[in-house]
Amino acid sequence: MQPDSHDGGGAELLRRLQELREEGTGAGEECVRYELYPRARDVRGAAALEMFRATVLQALSPWTAGYVWHREPFLLQPARRRGTVLEAVEASESTHEDGEQTEGAAEESDDIDGRWLWFLRGQTRVGDCLEDEWFVVALLRHLSERFPVSAHVWDNDGEFVLIEAAYAIPRWLQPHNAAQRIWLHQGQLHIIPLPAALSPAAAAATDSTTLRALREPTVQQALELLESNGSPEHARGWSTVAPAAAQERIKEKVACDQPGRLRQRMHECVCLLPVRVAYALRQQPQLIAAVVHAFYNRDPADMKALTTAHAKFVTREATDESMMVFTRLRFSHSLFAMLTLQSFQPPK
């Protein structure tokens, strides 16, 4: 059964659910942030960046199709940086991996001197679901393996990848000196070393410009170092490739985040829903996250509003069994657990 297209009821409900999804952003809620840098010679200008973004999203579609995020989906927005200046790019509208569009913030301008770094960036609220955080790492690692790109990912606590590989990383690497040093490149974890971490022979074989860059690398310098020293065996006697034990720890962490295995992290159940609700969730399955969080985080004020507005929102679909449909819904394990832990007495 499909909602009547003439009254726009399904579309209106879909719009309300989208608004619900945008509400309730907690300032202290756990977020994972990420940046994806193509080679400068491959992507220059907003149009080329837009084409690159479309290619990236298409490459990720086998991974993200059917995946229900705990809070928000993976997002990529075009941006550019020049030194300490960072701008969003408004060549066109930005797109979530699930198709939702968000507007950019700055106009495109010509990169005449080629000094801008054009890249993609994003932020995903993950809440308490660490599985989503590591799924983002898996996506970025896959992209760095498939394309000539370098990715940086961090969360509210900083370089969380280092925490996972804490027993395998060099002892000199600490939170205060980790800025611009931790990258995903060519499908591997890379750590840009300090000059003091090089052996005497390697330091002697390295030019002074590179040694200065190693002290406090900028983003651009870090990308250049990954390009020039990103192989395990390098003529200078050192490499940015992280130790094998650290590589294995990251691989183990994302081993389940592969196409074909992600369904194991989803829970499906059949629900009896009003036809318009079923239609909205079929159009955008990710909206189930907003519904679950709104239900789980309801407070007395929400219940009072629901009670007073109950008569207004009770429609024929909610009371007539002929207007209800059985619908198979997909949840993440964490979302389904949130529902099962709740008890609810509907207003009378």
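This is a predicted model, so every value here is computed, not measured.

Caption draft 1: Main features of the pattern of salt bridges. Per the stated rule, a full pass over the model turns up 11 salt bridges. Linking Arg80 and Glu87 is a salt bridge whose minimum nitrogen-to-oxygen distance equals 2.9 Å. One salt bridge connects Arg249 with Glu164, and the closest N-O pair in it is separated by 2.4 Å. Within this pair, whereas Arg249 is found in helix 8 (residues 244–253), its partner Glu164 is found in helix 4 (residues 160–164), the two being separated by 85 residues in sequence. Through salt bridges with shared partners, a single ionic network connects Glu164, Arg249, Glu252 and Lys253.

Caption draft 2: Inspection of the confidence of the model for the chain at higher detail. This prediction gives the chain a mean pLDDT of 81; 76% of its residues lie at or above 70. pLDDT under 50 marks residues 98–109. Its contacts with residues more than four places away, or in other chains, come to 31 contacts.

Caption draft 3: Broad picture of the environment of Asp157. Along the chain, Asp157 turns up in the loop between strand 7 (149–155) and helix 4. Overall, the relative accessible area of 62% leaves Asp157 in the exposed class. Asp157 sits 126 residues away from Cys31 along the chain, and the two C-alpha atoms are 9.4 Å apart.

Caption draft 4: Molecular detail of unusual backbone geometry. The backbone of Gln180 shows a phi angle near 65 degrees, a positive value even though the residue is not glycine. Position of Gln180 among the secondary structure elements: in the loop between helix 4 and strand 8 (182–185). A positive phi angle is found at Gln186, which is not glycine, with a value near 55 degrees. Along the chain, Gln186 falls in the loop between strand 8 and strand 9 (188–191). What makes Gln186 partly exposed here is its relative accessible area of 47%.

Caption draft 5: The side chain of Asp132, seen in detail. Mapped onto the elements, Asp132 comes out in helix 3 (residues 130–146). The class of Asp132 is buried, set by a relative accessible area of 0%. The residues touching Asp132, leaving out its near neighbours within four places in the chain, are Tyr67, Trp69, His70, Arg71, Val126 and Arg265.

Caption draft 6: Structural detail: the pairing of strand 7. Counting buried positions along strand 7 gives 6 out of 7 residues, so the element sits mostly inside the fold. Bridge count between strand 1 (residues 31–38) and strand 7: 7 bridges; the pairing is antiparallel. In the sheet register, Pro38 faces strand 7, and the bridge partner there is Val149. One ladder, built from 2 bridges, connects strand 7 with strand 8; its direction is antiparallel. Opposite Ala151, over in strand 8, you have Leu184 as the bridge partner.

Caption draft 7: Layout of the nonpolar core. Tyr34, Leu36, Phe74, Leu140 and Val153 are the most contacted members of the largest nonpolar core, which has 69 residues in total. Among residues more than four places away in sequence, those in contact with Val153 are Val32, Arg33, Tyr34, Val136, Val137, Leu140, Glu159, Phe160, Val161 and Leu184.

Caption draft 8: Inspection of the side chain of Thr124 at higher detail. Its location among the elements puts Thr124 in strand 6 (residues 117–125). When its relative accessible area of 0% is taken as the criterion, Thr124 is described as buried. Only 3.2 Å separates the side chain of Thr124 from the backbone oxygen of Pro73, close enough to count as a polar contact. Residues within four places of Thr124 in sequence aside, it is in contact with Glu30, Cys31, Val32, Tyr34, Trp69, Glu72, Pro73, Phe74 and Leu75.

Caption draft 9: Just the packing of helix 2 (residues 46–64) against helix 3, in detail. In contact at an axis separation of 11 Å, helix 2 and helix 3 are set at 130 degrees when each is read in the N-to-C sense. By the angle between their directions, the pair helix 2 and helix 3 is classed as oblique. Handedness of the crossing formed by helix 2 with helix 3: right-handed. Two secondary-structure elements touch here, helix 2 through Val56, Ala59, Leu60, Trp63 and Thr64 and helix 3 through Phe135, Ala138, Leu139, His142, Leu143 and Arg146. Of the residues assigned to the contact of helix 2 with helix 3, the class counts are 8 nonpolar, 2 polar and 1 charged.

Caption draft 10: Here's a closer look at the packing of aromatic side chains. Inspection of the entire model under this criterion finds 9 aromatic pairs. Arranged with centres 6.4 Å apart and planes meeting at 80 degrees, the rings of Phe52 and Phe147 form a pair that is edge-to-face. With Phe52 in helix 2 and Phe147 in the loop between helix 3 and strand 7, this residue pair connects regions lying 95 residues apart in the sequence. Each member of the pair Phe52 and Phe147 is classed as buried. Centre to centre, the rings of Tyr67 and Phe135 are 4.4 Å apart; their planes meet at 45 degrees, and the pair counts as tilted. Of this pair, Tyr67 sits in the loop between helix 2 and strand 2 (75–82) while Phe135 sits in helix 3, placing them 68 residues apart in sequence. There is no split in this pair, since Tyr67 and Phe135 are both buried. Grouped by ring-pair contacts, the aromatic residues Tyr37, Phe119 and Trp183 constitute a single cluster. The positively charged end of Arg298 is found above the aromatic ring belonging to Phe295, 4.3 Å away from the centroid.

Scoring rules and cut-offs
- Residues numbered from 1 in each chain as written.
- Predicted model: local features only at pLDDT ≥ 70, side-chain atom pairs only at ≥ 80, totals over all residues.
- Heavy atoms only, no water.
- Salt bridge = Lys/Arg side-chain N within 4 Å of Asp/Glu carboxyl O.
- Helix = DSSP H or I, 4+ residues; strand = E, 2+ residues; numbered from the N terminus.
- pLDDT = per-residue confidence, 0-100.
- Contact = heavy atoms within 4.5 Å.
- Buried < 20%, exposed > 50% of the residue type's maximum accessible area, 1.4 Å probe, protein only.
- Pairing = 2+ DSSP bridges.
- Core = buried A, V, L, I, M, F, W, Y, C linked by side-chain atoms within 4.5 Å.
- Polar contact = N/O pair within 3.5 Å; in protein donor to acceptor, adjacent residues only side chain to side chain.
- Axes fitted to C-alpha atoms, helices over the stretch in contact; angles between N-to-C directions.
- Parallel < 35°, antiparallel > 145°, perpendicular 65-115°, else oblique.
- Left-handed = near helix turned anticlockwise from the far one by under 90°.
- Nonpolar A, V, L, I, M, F, W, Y, C, P; charged D, E, K, R; others polar.
- Phe/Tyr/Trp six-rings, centres within 6.5 Å; stacked < 30°, edge-to-face > 60°.
- Lys NZ or Arg CZ within 6 Å of the ring centre and 35° of its normal.

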